[in-house]
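# Secondary and tertiary structure notes
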Amino acid sequence: MNFLTIFLELTGMHVLLILGVALLLFGGKKIPELMKGLGAGVKEFKNAAKEDPTPAKKEEETKE
């Protein structure tokens with residue numbers, strides 16, 4: 001079985017079990033910090049993907 005078929009077979013009970021294990025491993029105080037860091041990382045990645053790299057090349061050409 002590939003990953004996609006396993007992922008699609010997750011039921012509500014499976015998701016609750018996974019969340020319960022994560023809560024036991026990381027604790028209630030650590031999970032919001034992890035999610036905040038994950039959100040900041042995704043936001044930074046999206047901002048970096050939107051930036052146009054061509055102005056940087058033009059600045060380098062003018063320095064020479």
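Note that the structure is a prediction, hence the values are computed from the model and not measured.

### A few points about the confidence of the model for the protein chain
Averaged over all residues, the pLDDT of the protein chain equals 78, while 72% of them reach at least 70. Highest mean pLDDT in the protein chain belongs to helix α3 (residues 30-50) (89); lowest belongs to helix α4 (residues 54-63) (57).

### A few points about helix α2 (residues 12-26)
The end-to-end C-alpha separation of α2 is 21 Å, in line with the 21 Å expected for 15 residues at 1.5 Å each. Positive backbone phi, at 85 degrees, marks G27, one or two positions downstream of α2.

### Some thoughts on the packing of α2 against α3
Orientation of α2 relative to α3, taken along the N-to-C sense of each, is 105 degrees, at an axis distance of 9 Å. One element, α2, and the other, α3, form an angle in the roughly perpendicular class. Contacts between α2 and α3 involve A22, L23 and F26 on the former and, on the latter, K30, I31 and L34.

### Concerning the pattern of salt bridges
Using the criterion set out here, one finds one salt bridge in the structure. Note that K30 is salt-bridged to E33, the shortest N-O span being 3.7 Å. One end of the pair is K30 and the other is E33, both in helix α3 and three residues apart, which spans about a single turn.

Reading the values: rules and limits
Every chain begins its residue count from 1, and numbering advances along the sequence as written. Where totals are concerned, whole chains, interfaces and linings use all residues; where local detail is concerned, this predicted model gives features only for residues with pLDDT of at least 70, and gives and counts side-chain atom pairs only at 80 or more. Derived side-chain values reflect all non-hydrogen atoms in the structure, with water molecules and hydrogen atoms excluded from consideration. Confidence of the predictor at the level of single residues is given by pLDDT, which spans 0 to 100. Secondary structure elements are defined from DSSP: runs of H or I of at least 4 residues count as helices, runs of E of at least 2 residues count as strands, and each element is numbered from the N terminus. For a helix, the expected span equals 1.5 Å multiplied by the residue count minus one. Here an axis means a line fitted to C-alpha atoms, over the contact stretch when the element is a helix, while the angle between two N-to-C directions is reported on a 0 to 180 degree scale. An angle counts as roughly parallel when it lies under 35 degrees, as roughly antiparallel when it exceeds 145, as roughly perpendicular when it falls between 65 and 115, and as oblique in every other case. Should any heavy atoms of two residues lie within 4.5 Å, those residues are counted as being in contact. Here a salt bridge means any side-chain nitrogen of Lys or Arg lying within 4 Å of a carboxyl oxygen belonging to Asp or Glu.

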